[in-house]
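Listed below, chain by chain, are the residues.
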Amino acid sequence: AQKITQTQPGMFVQEKEAVTLDCTYDTSDPSYGLFWYKQPSSGEMIFLIYQGSYDQQNATEGRYSLNFQKARKSANLVISASQLGDSAMYFCAMREGPPPARGGYNKLIFGAGTRLAVHP
Amino acid sequence: GAGVSQSPRYKVAKRGQDVALRCDPISGHVSLFWYQQALGQGPEFLTYFQNEAQLDKSGLPSDRFFAERPEGSVSTLKIQRTQQEDSAVYLCASSKGADLYNEQFFGPGTRLTVL
C-alpha cells in the first residue's frame, strides 16, 4: 500500500487565488511527521511546512497552511494568494517514528507529487 | 556557500562504469541523507548518516551502491557497474540533527544518465 498518496497529478490556479493540494498518508505509528516540499524546475527541494502528529494546531508558514485531519489521515497544503513563482512540483512526505529531538531521524517517504501551474 | 552542494551536477556514464557522486552538507550539520529521484517520481530514501556513522542503509537498491562519510562532513555515493535503471537524480540532504524544527536542506542533485 502507498504510504503517501497525492491524487492530483496536476493543478491549475489563477494568480492571487487560493489552492489546495491533497495528501493522504498511511501509517500505524502514533508518532510521525508530515512535510511539504516545493521543487521548482531547477530541481532543488525547498522545505515549506511541517506538522507533527501530536501538534494540536494546524501548521502555518506565511502563505502556506496545512489542513491536518488526523482521523482522515490527510494533510492537505493550502497556498493562499498564489503567485506566478509558486508554479512548481509539490511533494508531500512523511517521517514515521519520533522526531530528531526525541531520538528519531527524518527518513522521508515522499508521494508522487502534484504539478501546480499558476496562471496570470 | 551556505547551502548543500553536490558535484558533479550532471554525469553521463556508460553501462558498466563506476561513478562517484559527492555531497558537501551545510557546515556543522550532523545528519546527512541520500535520496534517489527517478523521472516523474518523488524522491526515495537511500541511506542516512549521523556524523560518520551510517545508521540506515535500508534503501540502497543493491550491493552495487555504497555510501561513505568518513570524517562526518563530505559524503560520497558510489555506484559500481552502473545499469540503465540507475539513471535518476541523486539528492543529498542535511540537517542539524536533533533540532525540533526538523528542516532538511536539500542540494541541487546530480543527474545521472547511464547509456
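Shown above is the structure to which this text applies.
Just so it is clear, the model here is predicted, and its values are computed rather than measured.

Chemist: Explain the pairing of strand β3 (residues 19-24) of chain B to me, please; I cannot follow it from the model alone.
Modeler: Both faces of the sheet carry side chains from a regular strand, because those side chains alternate between them. Residues and elements named next belong to chain B. By the alternation rule, side chains of β3 split into Val19, Leu21 and Cys23, which are all buried, and Ala20, Arg22 and Asp24, of which none is buried. Direction of pairing for strand β1 (residues 5-7) relative to β3: antiparallel, over a ladder of three bridges. When the bridges of β3 are listed, serine 7 appears paired with arginine 22. By the bridge criterion, five bridges tie β3 to strand β8 (residues 75-79) in an arrangement that is antiparallel. If you follow arginine 22 over to β8, its bridge partner there is threonine 76.

Chemist: Hey, could you run me through the interface of chain A and chain B in this one?
Modeler: Where the parts come together, the accessible area they lose is often given as the size of the interface. Facing 23 residues of chain A, the contacting portion of chain B comprises 24 residues. Overall, the association of chain A and chain B removes approximately 1900 Å² of surface from exposure, summing both partners, and the carbon and sulfur fraction of that is 54%. Here chain A and chain B share one salt bridge between them. On inspection of chain A and its partner chain B, the count reaches eight residue pairs in polar contact (both at pLDDT 80 or more). The set of elements that each furnish at least two residues to the side of chain A that touches chain B consists of β5 (32-39), β6 (46-52), β10 (88-96) and β11 (108-110) of chain A. If one sorts the elements of the side of chain A that touches chain B by residue count, β5(A) sits on top with three residues. Tallied by class, the residues present in the side of chain A that touches chain B amount to 13 nonpolar, five polar and five charged.

Chemist: How should I be thinking about the side chain of Ser94(B) in this particular structure?
Modeler: All names here are of chain B. Mapped onto the fold, serine 94 is located in strand β9 (residues 88-95). There is a polar contact of 3.4 Å between the side chain of serine 94 and the backbone nitrogen of isoleucine 26. A polar atom in the side chain of serine 94 sits 2.8 Å from the side chain of histidine 29.

Chemist: Just to check I follow, could you spell out the state of the cysteines for this structure?
Modeler: Among covalent bonds in proteins, the disulfide is the one between the sulfur atoms of two cysteines. Scanning all chains against the criterion turns up two disulfides over all chains. A sulfur-sulfur separation of 2.0 Å characterises the disulfide bridge that pairs Cys23(A) with Cys92(A). On the S-S bond that ties Cys23(A) to Cys92(A), the torsion sits near -60 degrees, and the link is left-handed. In this pair, Cys23(A) sits in the loop between β3 (19-21) and β4 (24-25) while Cys92(A) sits in strand β10, placing the two residues 69 residues apart along the sequence. In this pair, the class of Cys23(A) matches that of Cys92(A), namely buried. For Cys23(B), the disulfide goes to Cys92(B), at an S-S distance of 1.8 Å. The sign of the -65 degrees torsion about the S-S bond sets the Cys23(B)-Cys92(B) disulfide as left-handed. With Cys23(B) in strand β3 and Cys92(B) in strand β9, this pair connects stretches of sequence that are 69 residues apart. We classify Cys23(B) as buried; its relative accessible area is 0%.

Rules behind the numbers
- Each chain carries its own residue numbering, running from 1 in the written order of its sequence.
- Each chain gets a letter, beginning with A, and each ligand a number, beginning with 1, in the order they are written.
- In view of the model being predicted, local features appear only for residues whose pLDDT reaches at least 70, and side-chain atom pairs are presented and counted only at 80 or more, with totals across whole chains, interfaces and linings using the full set of residues.
- Note that water and hydrogens are dropped before the side-chain values are worked out from all heavy atoms of the structure.
- Here's how the labels work: a residue is buried when its accessible area is under 20% of the maximum for its type, exposed when over 50%, partly exposed in between, all with a 1.4 Å probe on protein chains only.
- Helix numbering and strand numbering both begin at the N terminus, where a helix is a DSSP run of H or I of at least 4 residues and a strand a DSSP run of E of at least 2.
- Only when DSSP finds a minimum of two bridges between them are two strands counted as paired.
- Pairs of residues are marked as contacts when any of their non-hydrogen atoms sit within 4.5 Å.
- Once two parts are brought into contact, the accessible area they lose, counted with a 1.4 Å probe and summed over both, makes up the buried area.
- We define a salt bridge as a side-chain nitrogen of Lys or Arg found within 4 Å of a carboxyl oxygen belonging to Asp or Glu.
- Contacts described as polar in this section are N or O atom pairs within 3.5 Å, which, within protein, must combine one atom able to donate a hydrogen with one able to accept it, while residues neighboring in sequence count only if both atoms come from side chains.
- By the convention adopted, Pro, Cys, Tyr, Trp, Phe, Met, Ile, Leu, Val and Ala count as nonpolar, Lys, Arg, Asp and Glu as charged, and the other residues, Gly among them, as polar.
- We call a pair of cysteine sulfur atoms a disulfide whenever their separation is within 2.5 Å.

Function cannot be inferred from these measures alone, as they are strictly geometric.
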